[in-house]
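Take a look at the letters that make up each chain.
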Amino acid sequence: MSRIIKAGWAGVAALLAFLVVPAHGETPVGPRTQPPYPDWLTKRMETLRHQDPKAMLLGDSLIAGWPPDLARRLFDAEPMNFGAGGDTAGNLLWRVRQSFGPGMGLRSALILVGTNDLPNRSAAEIAGTIGTITAEVKRSAPGACVTLLTLLPRRDGNAAFAERIAEVNQRLAALAGAGLRVVDTNTPLRDACPAEGACPLYKDPVHLSSAGYERLTAAIGKAGC
């Protein structure tokens, strides 16, 4: 079962202001250039406001790889997948700022990003940039419910990454409030996998198998507030 973390909205603005101050410098915000974004994604960014989807998934390759049939279970409307493999939180923030705008009809958004930041960014930077992404989404669609997923476990044996993930997730949990649901998707995956050896929920140290996405979708339930 997932552990859904909720807290009062009071003070979240102040917390966001705290989180967006990086520990070691400014998080780069810009497009991914190596490799460049594929043409289909660039076109989607150009036309997003006109398409005005009611439901979206936003993130990196973990979002891009979400099976469409499972993604549909998360929403009451047909979702648009706005995932891009290799994206950092700064890359996603840039894409949101380029593509979103006031008056969007978005009703529900699900966000999972940050694992690609672990080698180069502190926990405070990662959580701060993710917090800014949620704020940008809410600015364009104030009535939308944002479901924010905690960073998933990695199975690469990197103890420093594991510690950083735990700190990022603790910071993300504090963002929960009205219109912003934070779901602990780390624990269900970690509990289902042995500490060592292969796990059927993963196809490599970072990416999920079909069974992993099944588990993740079940842990989230509906992407709503």
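So, here is what we can say about the structure in this document. (Residues numbered from 1 in each chain as written. Predicted model: local features only at pLDDT ≥ 70, side-chain atom pairs only at ≥ 80, totals over all residues. Heavy atoms only, no water.)

**Comments concerning the packing of aromatic side chains**
Next up, step 1: Taken as a whole, this structure holds three aromatic pairs when the rule is applied.
Next up, step 2: On the basis of an interplanar angle of 50° and a centroid distance of 5.4 Å, the ring pair of Trp 66 and Tyr 213 is categorised as tilted. Here Trp 66, found in the loop between helix H3 (61-64) and helix H4 (68-73), pairs with Tyr 213, found in helix H9 (residues 210-220); they are 147 residues apart in sequence, far enough to count as distant.
Next up, step 3: Here the basic side chain of Arg 95 rests over the ring of Phe 82, its NZ or CZ set 4.5 Å away from the ring centre. (Phe/Tyr/Trp six-rings, centres within 6.5 Å; stacked < 30°, edge-to-face > 60°. Helix = DSSP H or I, 4+ residues; strand = E, 2+ residues; numbered from the N terminus. Lys NZ or Arg CZ within 6 Å of the ring centre and 35° of its normal.)

**Overview of helix H5 (residues 89-99)**
Next up, step 1: The buried count for H5 comes to eight of eleven residues, which makes it a mostly enclosed element.
Next up, step 2: For H5, every residue scored as buried is listed here: Ala 89, Gly 90, Asn 91, Leu 92, Leu 93, Arg 95, Val 96 and Ser 99.
Next up, step 3: In this structure, the buried side of H5 is in contact with helix H2 (39-51), strand E2 (55-59), strand E3 (79-83), strand E4 (108-112) and helix H6 (123-140). (Buried < 20%, exposed > 50% of the residue type's maximum accessible area, 1.4 Å probe, protein only. Contact = heavy atoms within 4.5 Å.)

**Some thoughts on the nonpolar core**
A general trend in soluble globular proteins is that nonpolar side chains are found buried together.
Next up, step 1: Counting 39 residues, the largest nonpolar core has Leu 58, Phe 100, Ile 111, Ile 133 and Val 137 as its most contacted members.
Next up, step 2: Counting residues per element, this core draws most heavily on H6, at six residues.
Next up, step 3: Not counting residues within four places of it along the chain, the set of residues in contact with Leu 58 comprises Ile 63, Phe 82, Leu 92, Val 96, Phe 100, Ala 109, Leu 110, Ile 111 and Leu 112.
Next up, step 4: Grouped together as the second largest cluster of nonpolar side chains are 25 residues, Phe 75, Leu 110, Leu 152 and Cys 193 included. (Core = buried A, V, L, I, M, F, W, Y, C linked by side-chain atoms within 4.5 Å.)

**Observations concerning the environment of Ser 140**
Next up, step 1: By secondary structure assignment, the location of Ser 140 is in helix H6.
Next up, step 2: Measuring from C-alpha to C-alpha, the distance between Ser 140 and Pro 102 comes to 4.3 Å, with 38 residues separating the pair along the chain.

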